[in-house]
Amino acid sequence: MSDVRPVQMSSPVLTVRQVDAYHAITVVAPGIAERFRSGQFVAVAVGGEHSSMLTRRVFAIHEVKPDYGGTVEFLFTVRGRGTAWLAERRSRDLLDVIGPLGRPFPLPRDPVNCVLVGGGAGSAPLFPLAHALRRRGCRVDFVLGAATASRVFSAITARRIAETATFTTDDGSFGTRGRVTDVLDQVIDDACSDVVYACGPMPMLREVTAAAARHGIPIQVSVEETMACGTGVCMSCVVPVVGEDGITRMARACVDGPVFRGERVRFDDVGTIPFDALGAPGWKARASGEDRAREAG
Amino acid sequence: MSDVRPVQMSSPVLTVRQVDAYHAITVVAPGIAERFRSGQFVAVAVGGEHSSMLTRRVFAIHEVKPDYGGTVEFLFTVRGRGTAWLAERRSRDLLDVIGPLGRPFPLPRDPVNCVLVGGGAGSAPLFPLAHALRRRGCRVDFVLGAATASRVFSAITARRIAETATFTTDDGSFGTRGRVTDVLDQVIDDACSDVVYACGPMPMLREVTAAAARHGIPIQVSVEETMACGTGVCMSCVVPVVGEDGITRMARACVDGPVFRGERVRFDDVGTIPFDALGAPGWKARASGEDRAREAG
Amino acid sequence: MIPDLRIGLGEWELANPVMTAAGCAGSGRELARFFDIARIGAVVTKSVTLEPRAGRPAPRIAETPSGVLSAVGLQGPGIDVLLQRDLPWLLSRGARVVVSVAGGSADEYAELARRLSEAPGVAMIEVNLSSPDPARGGRHFVQDSAAAARVVGAVRENARADIPVFAKLSPDVSDLVGLAADCVEAGADGLAMINTVRGMAIDADTLRPAVAGGMGGLSGPAIRPIAVACVYQVHAALPEVPIVGMGGVRTGADAMEFLLAGASAVAVGSALFHDPSACVRVVRELERELVDRGVERVGSLVGAAHRTAGAAGVAAE
Amino acid sequence: MIPDLRIGLGEWELANPVMTAAGCAGSGRELARFFDIARIGAVVTKSVTLEPRAGRPAPRIAETPSGVLSAVGLQGPGIDVLLQRDLPWLLSRGARVVVSVAGGSADEYAELARRLSEAPGVAMIEVNLSSPDPARGGRHFVQDSAAAARVVGAVRENARADIPVFAKLSPDVSDLVGLAADCVEAGADGLAMINTVRGMAIDADTLRPAVAGGMGGLSGPAIRPIAVACVYQVHAALPEVPIVGMGGVRTGADAMEFLLAGASAVAVGSALFHDPSACVRVVRELERELVDRGVERVGSLVGAAHRTAGAAGVAAE
Ligand SMILES: Cc1cc2nc3c(=O)[nH]c(=O)nc-3n(C[C@H](O)[C@H](O)[C@H](O)COP(=O)(O)OP(=O)(O)OC[C@H]3O[C@@H](n4cnc5c(N)ncnc54)[C@H](O)[C@@H]3O)c2cc1C
Ligand SMILES: Cc1cc2nc3c(=O)[nH]c(=O)nc-3n(C[C@H](O)[C@H](O)[C@H](O)COP(=O)(O)OP(=O)(O)OC[C@H]3O[C@@H](n4cnc5c(N)ncnc54)[C@H](O)[C@@H]3O)c2cc1C
Ligand SMILES: Cc1cc2nc3c(=O)[nH]c(=O)nc-3n(C[C@H](O)[C@H](O)[C@H](O)COP(=O)(O)O)c2cc1C
Ligand SMILES: Cc1cc2nc3c(=O)[nH]c(=O)nc-3n(C[C@H](O)[C@H](O)[C@H](O)COP(=O)(O)O)c2cc1C
Ligand code: FES
Ligand code: FES
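Residues numbered from 1 in each chain as written. Chains lettered and ligands numbered in written order. Predicted model: local features only at pLDDT ≥ 70, side-chain atom pairs only at ≥ 80, totals over all residues. Heavy atoms only, no water.

(A) Representation of the site of ligand 2 in the model. All names here are of chain B. Close contacts around ligand 2 come from 19 residues, with Thr 55, Val 58, Gly 80, Gly 82 and Thr 83 the closest. Backbone polar atom of Val 58 to an oxygen atom of ligand 2: 2.7 Å apart, as the coordinates give it. Ala 60 is positioned such that a nitrogen or oxygen atom in its backbone is 3.0 Å from a nitrogen atom of ligand 2. Contact with the protein chains hides 86% of the accessible area of ligand 2, taken as 820 Å² for the molecule alone. Those elements that place two or more of their residues in the shell around ligand 2 are strand E4 (57–60), strand E6 (71–76) and helix H2 (81–87). Tallying contributions element by element places E4 first for the shell around ligand 2, with 4 residues. Grouping the constituent residues of the shell around ligand 2 by class yields 7 nonpolar, 6 polar and 6 charged. Three or more residues apiece are contributed to the shell around ligand 2 by two domains, here domain 1 (7–101) and domain 2 (113–269). (Near = heavy atom within 4 Å. Polar contact = N/O pair within 3.5 Å; in protein donor to acceptor, adjacent residues only side chain to side chain. Areas by Shrake-Rupley, 256 points an atom, 1.4 Å probe, with all protein chains shown as cover. Helix = DSSP H or I, 4+ residues; strand = E, 2+ residues; numbered from the N terminus. Nonpolar A, V, L, I, M, F, W, Y, C, P; charged D, E, K, R; others polar. Domains from an automatic or database assignment.)

See the structure below:
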């Protein structure tokens, strides 16, 4: 759990924009903006005061700005009821927002070469990360993938911030036809990358983690698991993660993550309880209570 | 059940106004406006598409106008969740409205003298009625009561339409201190009223019905019973009403009413099942199936 | 592609799988003002009794989050009026009519079944078992499998052989699957589920229960997960028995959820209070769901979730 | 006037009648980022087991209309970690702590009670009876009054005498009042109700149950009328037994509804997923409700609806 205290606020909507396939909402939320570190997200209540929708919707913070004391922007695509409702908001509406939430991307102490890999909407948190890395003197290279051209995320911004920006689309309508992993090895080699940051769907994160391992460089991934609260109390967002002690625990993506070291996430076992996870039916009590106290969360 | 077919429509809000203690919403609803007869009401869905509120809110139609193909206005006070939500609507929002619903006020064939008695927000349907009566050459006298001055309903309009308009308030802040029934006998005598129309809370309707009986003149009352659908299918809005055959039935205020002949409503038994009502535990099967077929609704 | 919405309920075939739920569609006339009642699978009547019933005093309904709490108490004019007035009218409009019956003893149910069998045009009898049994201090028949089975048996024996008899179950029982099996054993050709869930609301202003008499029945989308679980469990145990699923159906997607759980048809109840055209809208939306998924026959969805799910254990909290 | 929010739960007095519900407040730390956990009546832990538990696979939660369907499966680090890490931390923050316990046999529950009795600061033990009993093929203890009573008896015998023991009941039973009476007979000092209601949702895209394993538990405002009915019925039968009411409490008015039905305190569960500060907000709103009505002591509301209501029969539909 990050030690930054999140805040809950009723935030006025400043702007609602549509950019390609994405909707962008900016809210005035000084308390969230000032605490924000890249990789963190907000949890938004949807449907209004008498809503029948009780769970929160979570979105990576795409940008914070100092205007009006502090604004926060997130981007989203319409998937279900909640995002459909959000897409209908107008400026001056109030949104109930909690943030910043989650473990941020750890930043390197030294000015190393960083490659940032994102898929579709999942790329959003890489942009504030890129800025933070640049401020530390790091080299930033982007690899952004999407299904089709209209889903490629902020190509212009990516080109502006980064040393290089490589794009892939499944249908070849923009950049290279194929997946991010088809170009990643080359980018890592060309840029002499020291570290990988990745965001996107689980299968992509698994592949990117494998690529980082091949190159022997560390990787931080931000995972996307269904979340109902975003604050760590509902236990819905669990992912099997290996701890420093080698024990697998069902870690909550919202407070123990969403950022994890890539090699720690058991991607192949996502959506299951691995038989050897702490407390799984197949798990044998091997350790004393002291060890267990390190349990995730 | 009235033989006018109601329609259900998604109606754009034209204006939302606040008049004294009342909110007035006008929606564009040609189908409802063209079918409307005075005494009828609309049933409005509240809370938006993902609302947790499933039952409809019903409001008397206060005015219809030919603008934009036909507009409908209703007035309301904020009582609970639904009316609070309605009070926040802005123009261009869409409201899901069904109407016109309910049995309208029967109009006299001849140009007789009519006294219209209303309490608070309950007075709304008397205004289109007054216009309809005037168009038939009837004399109209108003008696309007309220708790306090700010709750007196459209005093200026009442004075404009009617021969006389008498007001009462519980606190004496406007017109006569007291209740409508304190002045009604005098008005009936002065205006030589031939018929009474009344709208408002049940206890008031009971008193007004008693006054009409004392004067030996007919009375039509519009009752207010809790409604969940407004269309006759939920059976929530029942009131004990005596039929032409002398048998009491639990009549639905929304389709068999809301307008009933005053002396037919068993006001003292509202909120109960009278022991002699058709099908009540105390009821004896006295009649053949044929009689029962006249059952209300 | 126009998907095939016809569905079999045992021997009986419906043009589409959407019905009204008992007690939520008035006499049929009220809804016919909003849509053509011949266009839906069937109209189910309010549960009819031998004698007229006045029902319970107002307030009868309270709104709860995504639900409706009601205690109407079977108000109705009795079987004579149904046969003389409502049934002929419904038939004249081309509706398929399911008559729901309720009584205070197996004999009363039997008598209702006989009367309905003499009338032409009754497509199905639904046996509402959530009616108090005076012989057991007012507990509902449904709360005692043996009593429920006796009632179902009495209806089956006395109903014309070509009229299917469905037993309507309530979720407020300890062993729903056992109850369902007993009803089928007693002769039920199918099951309708679920009736309302026992509930209560208290009005904070009056400090009294919000519906007269205190307890009411909860319906609406709030109970849909409960209803889907009931349908799923019963279909898993009795896959051959046709089920009419209900409880919170409001959209075509909701209807599909019941079909996937194992219902062959669905009934729309309290959603009609919100939207009197809900039934035809659900038919339309269901058709769209099928088109979007390339499903050609609605029947192919029935019970599909059983084929994709692992063992459906009961979660412990 | 500042109303008196103190309330007695049997021998135990709470500063105010609002707690967290078991399993909905994390370890306490998560919520402590949003409000001072010493300001609410009590913090109730996730049900703790002897050994660590990994719980059930994702997806564990689905949203339903005004409700939440969940199957978390008692994930937790086990009693050792609770005693070494979570309990001391909660106490250091000034919280009153109720520990919820769950096990696979009466012996396991007894062992948990012993361990908790050795630790300082456990204010109450809540016995979660909705845990599968391997000896009966995984049926929950709560589904068999005798098994439930045995577990409650084991906890009461092994817990320190000054720690009240409350039995947590589920609505999915045929005879809730009988179960409640049996638990009290077996030594329960009070009752907590209700646990989640059995439910299921099916994802229309995958055609699979929306939570892994199929069945889940329904919570949230959707079930409030069911919970209020349970509290009302049990309070009517056992007016002396203190009850912690829960199921869909989201506002001060909701809390009041439970008090009126007969609960002495309320717990806030899934509303915390929506609003992590819900507990303190409910305290504040409840205070306002009392002020608005001129009620001086919250205790005077407990069971008030029983005094205004007529006979609370069960409606028949
Ligand atoms: C850490 C994190 C960051 C995210 N950032 C973004 C972003 O920047 N832009 C964006 O478009 N989407 C993002 N998502 C996904 C986003 O949360 C879902 O698209 C959204 O919650 C769907 O809501 P809905 O009401 O439209 O869908 P519904 O299916 O109606 O949602 C029902 C419930 O499931 C949850 N849920 C459904 N899908 C997801 C999902 N993929 N991830 C998490 N919860 C889900 C919802 O939160 C809600 O509680 C992020 C997810 C996570 C976990
Ligand atoms: C024929 C008729 C005409 C009416 N005309 C007007 C009008 O012109 N202006 C006006 O301000 N009010 C009118 N009312 C009352 C109005 O319907 C209620 O004030 C309103 O429904 C309250 O909704 P709520 O969400 O604020 O209250 P809530 O208490 O949250 O409502 C909960 C449920 O109870 C029903 N309900 C609660 N109170 C009433 C009531 N008094 N009458 C009917 N249903 C109720 C609601 O419809 C809803 O289904 C009329 C009522 C009837 C029966
Ligand atoms: C006001 C009301 C009246 C009802 N009357 C009956 C009835 O007469 N017979 C019956 O079997 N079920 C009756 N029911 C139960 C419904 O048929 C249905 O089983 C239940 O409401 C769940 O469906 P829903 O959530 O779509 O409303 C009634 C329900 C309501 C809300
Ligand atoms: C995600 C989740 C986890 C839960 N875990 C437990 C638990 O560990 N022990 C328990 O007794 N009840 C547990 N419950 C039940 C709640 O304590 C509570 O009884 C129920 O959710 C109803 O309250 P609510 O509607 O306020 O959520 C859990 C509920 C949810 C939603
Ligand atoms: S989303 Fe609730 S614990 Fe992570
Ligand atoms: S309000 Fe539903 S029948 Fe009258």
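(B) The site of ligand 4, seen in detail. Ser 47, Lys 168, Gly 220, Gly 248 and Ser 270 of chain D are the nearest of the 24 residues found near ligand 4. Around ligand 4, the neighbouring residues derive from chains A, C and D rather than from a single chain. Contact between ligand 4 and Ala 22 of chain D: an oxygen atom at 2.8 Å from a main-chain N or O atom of the residue. Between ligand 4 and Gly 248 of chain D, the relevant distance is 2.6 Å, taken from an oxygen atom to a main-chain nitrogen or oxygen of the residue.

(C) Main features of the interface of chain C and chain D. Taken residue by residue, the interface counts 60 residues in chain C and 60 residues in chain D. For the pair chain C and chain D, the interface holds 2 salt bridges. Linking chain C to chain D there are 7 residue pairs in polar contact (both at pLDDT 80 or more). Of all elements in the fold, only strand E6 (67–70), strand E11 (197–199), strand E12 (216–219), helix H6 (224–237), helix H7 (252–261) and helix H10 (304–308) of chain C reach the threshold of two or more residues within the side of chain C that touches chain D. Among the elements that take part in the side of chain C that touches chain D, H6 of chain C stands out by supplying 7 residues, more than any other. Within the side of chain C that touches chain D, the residues separate by chemical class into 33 nonpolar, 18 polar and 9 charged. (Contact = heavy atoms within 4.5 Å. Salt bridge = Lys/Arg side-chain N within 4 Å of Asp/Glu carboxyl O.)

(D) Examining the UniProt feature "binding site: FAD" (unreviewed entry) in chain A more closely. Residue and element names in this part refer to chain A. Within this structure's numbering, the places UniProt gives as "binding site: FAD" (unreviewed entry) are Gly 82 and Thr 83. On the secondary structure map, Gly 82 appears in helix H2 (residues 81–87). Its relative accessible area of 2% is what places Gly 82 among the buried residues. If we skip the residues at most four places from it in the chain, Gly 82 touches Val 46, Met 53 and Arg 57. Within the fold, Thr 83 resides in helix H2. Overall, the relative accessible area of 8% leaves Thr 83 in the buried class. If we skip the residues at most four places from it in the chain, Thr 83 touches Phe 59, Phe 76, Thr 77 and Val 78. Polar side-chain contacts of Thr 83 include one of 2.7 Å to the backbone nitrogen of Arg 79. (UniProt positions renumbered as here; feature names shortened; annotations may be inferred. Buried < 20%, exposed > 50% of the residue type's maximum accessible area, 1.4 Å probe, protein only.)

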